[in-house]
Amino acid sequence: MKVIDYRDVAPTDFPSPAVGTTGRVLLGKADGAANFCMRMIEFAPGGETSRHSHPWEHEQFVHAGTGQVFIEDRWHDMKPGSVAFIPSGVTHQIRNTGTTPLLVVCLVPPFAPELL
């Protein structure tokens, strides 16, 4: 069992070409979570991931801030309460379009890297 404030987990910078993006593993293998990994991805204003795809799905929930998610061939606006499902193998990218941090809770399956 684990109950924490997500801010107690040290952030890790995403490697280039991502810009202004950090991640925190909130629940993962080290916690005994065998079926998923929960991450908090934080995008500074102007921050973004690279456009990419990988062989696992992920589910995303916007906790705070505003941004956009690119899925396959178009951008979708995101705000607090927005949910996105990104299937495996689909090209995607996330960017912060606001003036405050964009906080995204992201779930991935256990065979995916816990943090890129």
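Residues numbered from 1 in each chain as written. Predicted model: local features only at pLDDT ≥ 70, side-chain atom pairs only at ≥ 80, totals over all residues. Heavy atoms only, no water.

**Concerning the environment of Arg39**
Among the secondary structure elements, Arg39 is positioned in strand S3 (residues 37–48). Taking the C-alpha atoms as reference points, Arg39 and Thr91, 52 residues apart in sequence, are found 20 Å from one another. Once you skip the residues sitting within four places of it in the chain, Arg39 turns out to touch Arg24, Leu26, Val104, Val105, Cys106, Val108, Pro113, Glu114, Leu115 and Leu116. (Helix = DSSP H or I, 4+ residues; strand = E, 2+ residues; numbered from the N terminus. Contact = heavy atoms within 4.5 Å.)

**Here we look at the layout of surface pockets**
There is about 260 Å³ of room inside the largest pocket. Every residue lining the largest pocket is counted, 20 residues in all, and those nearest its centre are Phe14, Thr49, Ser50, His52 and Leu116. Counting residues per element, the lining of the largest pocket draws most heavily on S3, at three residues. By residue class, the composition of the lining of the largest pocket is eleven nonpolar, eight polar and one charged. (1 Å grid on protein atoms, 1.4 Å probe; cavity = no way out; pocket = protein on both sides within 12 Å on 5 of 7 lines; lining within 4 Å. Points joined across faces, edges and corners; volume = space filled by probe spheres on them. Nonpolar A, V, L, I, M, F, W, Y, C, P; charged D, E, K, R; others polar.)

**So, the pairing of strand S6 (residues 74–78)**
With five bridges joining them, strand S5 (residues 67–71) and S6 adopt antiparallel strand pairing. Bridge pairing in S6 links Gln68 to Asp77. (Pairing = 2+ DSSP bridges.)

**Considerations on the nonpolar core**
One finds Phe43, Val69, Met78, Ile94, Leu102, Val104 and Val108 to be the most contacted residues of the largest nonpolar core, which totals 18 residues. Top element by residues in this core is strand S9 (residues 102–108). It accounts for four residues. In contact with Ile94, other than residues within four places in its own chain, are Phe43, Gly47, Glu48, Thr49, Gln60, Gln68, Val69, Met78 and Leu102. Among the nonpolar cores identified, the runner-up in size contains six residues, and Tyr6, Met40, Leu103 and Val105 belong to it. (Core = buried A, V, L, I, M, F, W, Y, C linked by side-chain atoms within 4.5 Å. Buried < 20%, exposed > 50% of the residue type's maximum accessible area, 1.4 Å probe, protein only.)

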